[in-house]
Amino acid sequence: MANIVFKNASIRLHFDAGFDGEGKPVVKLKTYRNVSGSADAEALAAAVGALGNLSDYPYIAAEKVETAEITEY
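Below you will find a few notes about this structure. Since we're looking at a predicted model, the values are computed, not measured.

Digging into the nonpolar core
Then step 1. In this structure, Ala9, Ile11, Leu13, Phe15, Val35, Leu44 and Val48 together form the largest nonpolar core, which totals 7 residues.
Then step 2. Every element with two or more residues in this core is listed here: β1 (2-19) and α1 (41-52).
Then step 3. Residue contributions to this core peak at 4 residues, all from β1.
Then step 4. Filtering out sequence-adjacent residues up to four positions away, Val35 remains in contact with Phe6, Ala9, Ser10, Ile11 and Leu44.

Written out as structure tokens, the structure is:
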């Protein structure tokens, strides 16, 4: 039987950094590690909102990135 074992999680925030010389949008990323795997959507949204306000760039979006290990027994 296979199992999935949580290893770690992080939050990646996307910020609007304007446009480059060719007129293409520039997106800056900031990653925060050591996010709890059991954190619910409301807690993550509150944390992302607070962290998004710390940047000089406007906040666009966020994503939770999880890493897990698949084991077979």
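Next comes the rest of the write-up.
Brief notes about the sheet that holds strand β3 (residues 59-72)
Then step 1. In spatial order, the strands read β2-β1-β3; together these 3 strands make up an open sheet with antiparallel pairing. What marks the edges here is a single partner per strand, and that holds for β2 (25-32) and β3. Neighbouring strand axes in the sheet, compared pairwise and without regard to direction, differ in orientation by 30 degrees on average.
Then step 2. As paired elements, β1 and β2 share 7 bridges and run antiparallel to each other. Each residue of the ladder has a partner; that of Leu13, found in β2, is Lys30.
Then step 3. Relative to the sheet, α1 contacts β1, β2 and β3, its axis offset from that of β1 by approximately 35 degrees.

Cut-off values and rules
Residues numbered from 1 in each chain as written. Predicted model: local features only at pLDDT ≥ 70, side-chain atom pairs only at ≥ 80, totals over all residues. Heavy atoms only, no water. Core = buried A, V, L, I, M, F, W, Y, C linked by side-chain atoms within 4.5 Å. Buried < 20%, exposed > 50% of the residue type's maximum accessible area, 1.4 Å probe, protein only. Helix = DSSP H or I, 4+ residues; strand = E, 2+ residues; numbered from the N terminus. Contact = heavy atoms within 4.5 Å. Pairing = 2+ DSSP bridges. Axes fitted to C-alpha atoms, helices over the stretch in contact; angles between N-to-C directions.

Taken by themselves, the reported measurements are silent on function.
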